[in-house]
2 protein chains.
Amino acid sequence: MTTPHLHPLLDNGIQAGTGISGGTLHCKCATDKVEVTLKGDVLHNHACGCSKCWKPEGAVFAVIAVTPVDNVSVTAHADKLHIVDESATIQRHACKACGVHLFGRIEKAHPFKGLDFVHVELSSDKGWQAPQFAAFVSSIIEQGYDPKGMDAVRARFKELGLESYDVLSPPLMDAICVLYLRTFEALRRTIKTRSTCSNRIAGGSGRPFPLGAGPVRETLW
Amino acid sequence: MTTPHLHPLLDNGIQAGTGISGGTLHCKCATDKVEVTLKGDVLHNHACGCSKCWKPEGAVFAVIAVTPVDNVSVTAHADKLHIVDESATIQRHACKACGVHLFGRIEKAHPFKGLDFVHVELSSDKGWQAPQFAAFVSSIIEQGYDPKGMDAVRARFKELGLESYDVLSPPLMDAICVLYLRTFEALRRTIKTRSTCSNRIAGGSGRPFPLGAGPVRETLW
């Protein structure tokens, strides 16, 4: 069995982060590169198999991290950016010319609002936090990956020291659930109709609540 | 730290399955019990933290398994059954008197259509398949479980020999993705407008597709 090709930052072994006080990301245009400047290191860096994260040519997974919105500024050629899909929760700001996603921002109510999503592979600076885990692994099947290869993919992540998850990591899922519950409780206090609200949330009628990590997962059932 | 109470079938150590050719489930009414007869053993038995599965009093998790629809028949007091929530994907048939869920059935298009969901703790027969893993673990936070206790919950599952997941187990998630992809491809062949269909699925505009395991998870992003 050949070793699965996951992503250039993973395939030759993961470089440990050394701590970094910031740096710049650039799009892949030959000239007039869009530049995004980041203050500080990134957080929660991880491989992601979802269908929406930008991936370099040939990669099965994206590598994506977050950083507080205030740490992100566009410092050159902002005019080349556009939002890939205005209807998506994460507004992915990409270069119109080369297609690379420079940063993703959440504008609506969401547990991760306030954090921008960035790809450190777009930086020539060294020392960024290394990938910590692999998320949405089974999602690659939906994008055409041979299901027979999934055991090898998960084994390869394990070999690289990364746990595989089919959503996010347990600490992040727990955090989403806490934030969901808090917002639900605030909403409940506001509308003071617990039964109506609970029914809307538990009713399985689609997407009744903007933060519904559990309910979103549970719409399957 | 006290050991977390999860479910009666888990708390005193898990009894290994011995193979069983079937048995009966009963509701908790003192008289006129609803009876469901199962042919053969159950499959994919697991602990489930979601908000919709029936749990016995005081349990944080449900224990729930599947079995082919043809293996399930109501053999007494069918008139006491009603469907808990007609709008849910799983039509949970519960006893109107005692509230216990006797079986859950999927009537609409879904990767698990053809399998009924059952609780073997409702059977006095011994030897049913033991729980194999824990699903939707972080969901218990949304139902009020103290987030500080989550490490202990996951540690307790590990001690019992069960892996914890925040969706289903990887083989089941992979199976959902395969079935999703197959149905998507069939749909694509039918409507012959790939770009429109892909856009609808990738557009993050809610629940564009009935089987969307990935897209459902990804509506968060």
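All values reported here derive from a predicted model rather than from experimental measurement. (Residues numbered from 1 in each chain as written. Chains lettered and ligands numbered in written order. Predicted model: local features only at pLDDT ≥ 70, side-chain atom pairs only at ≥ 80, totals over all residues. Heavy atoms only, no water.)

J.: Can you help me understand helix H3 (residues 150-159) of chain B in this one?
T.: The periodicity of an α-helix, 3.6 residues per turn, causes residues three or four positions apart to be oriented the same way. Along H3(B), the positions that sit buried rather than exposed are Met150(B), Ala152(B), Val153(B), Arg154(B), Arg156(B) and Phe157(B). Two residues or fewer past H3(B), Gly161(B) is found with a positive phi of approximately 90°. (Buried < 20%, exposed > 50% of the residue type's maximum accessible area, 1.4 Å probe, protein only. Helix = DSSP H or I, 4+ residues; strand = E, 2+ residues; numbered from the N terminus.)

J.: What is the right way to look at the confidence of the model for chain A in this model?
T.: Predicted coordinates in areas of low pLDDT are best not read in detail. Considering every residue of chain A, the mean pLDDT works out to 85; 83% of them sit at 70 or more. In the model output, the complex is listed with pTM 0.81 alongside ipTM 0.76. (pLDDT = per-residue confidence, 0-100.)

J.: Would you take a moment to explain the nonpolar core for this structure?
T.: Side chains of nonpolar character tend, in soluble globular proteins, to be buried together. Within the largest apolar cluster, 36 residues are counted, with the highest numbers of intra-cluster contacts made by Leu168(A) and Leu168(B). Looking at this core, the elements with two or more residues in it are strand S4 (62-68), strand S10 (133-135) and helix H4 (170-191) of chain A together with strand S4 (62-68), strand S10 (133-135) and helix H4 (170-191) of chain B. (Core = buried A, V, L, I, M, F, W, Y, C linked by side-chain atoms within 4.5 Å.)

J.: I tried to follow the sheet that holds strand S5 (residues 72-76) of chain B on my own but got confused; where do I start?
T.: Within a sheet, neighbouring strands are paired by backbone hydrogen bonds and run either parallel or antiparallel to one another. Residue and element names in this part refer to chain B. What the 3 strands build is an open sheet, ordered S1-S2-S5; its pairing is antiparallel. Of all strands in the sheet, those bounded by a partner on one side alone are strand S1 (22-26) and S5. For this sheet the average axis-to-axis angle between neighbouring strands, irrespective of direction, equals 30°. One ladder, built from 5 bridges, connects S1 with strand S2 (residues 35-39); its direction is antiparallel. Counted as the bridge partner of Gly22 is Lys39 from S2. (Pairing = 2+ DSSP bridges. Axes fitted to C-alpha atoms, helices over the stretch in contact; angles between N-to-C directions.)

J.: Looking at this structure, I do not really get the pattern of salt bridges. What am I missing?
T.: Pairs can form between side chains of opposite charge whenever their charged atoms are close. Counting across every chain of the model gives 12 salt bridges over all chains. A salt bridge links Asp174(A) to Arg154(B), with the nearest nitrogen and oxygen atoms 2.8 Å apart. Pair noted here: Asp174(A) is in helix H4 and Arg154(B) is in helix H3, and the two residues belong to different chains. Classification of Arg154(B) as buried rests on a relative accessible area of 14%. Lys158(B) is paired through a salt bridge with Glu163(B); the nearest N and O atoms lie 3.4 Å apart. One salt-bridge network, held together by shared partners, links Arg154(A), Asp166(A) and Asp174(B). (Salt bridge = Lys/Arg side-chain N within 4 Å of Asp/Glu carboxyl O.)

J.: Please clarify how the pairing of strand S3 (residues 43-48) of chain B should be interpreted in this entry.
T.: The side chains of a regular strand alternate between the sheet's two faces. Residue and element names in this part refer to chain B. Direction of pairing for S3 relative to S4: antiparallel, over a ladder of 4 bridges. By the bridge assignment for S4, Ala47 is matched with Val63. Pairing of S3 with S10, which is carried by 2 bridges, proceeds in the parallel orientation. Looking at S10, one finds that Cys48 is bridged to Ala135.

J.: Explain unusual backbone geometry here, please?
T.: Most peptide bonds adopt trans geometry, and most residues besides glycine take a negative phi value. Residue and element names in this part refer to chain B. Here His77, not a glycine, exhibits a phi torsion of approximately 55°, which is positive. The class of His77 is partly exposed, set by a relative accessible area of 31%. One non-glycine residue, Phe136, adopts positive backbone phi at about 50°. The topology assignment puts Phe136 in the loop between S10 and helix H2 (139-142). A residue is classified by how much of its surface remains accessible, and Phe136, at 2% relative accessible area, is buried.

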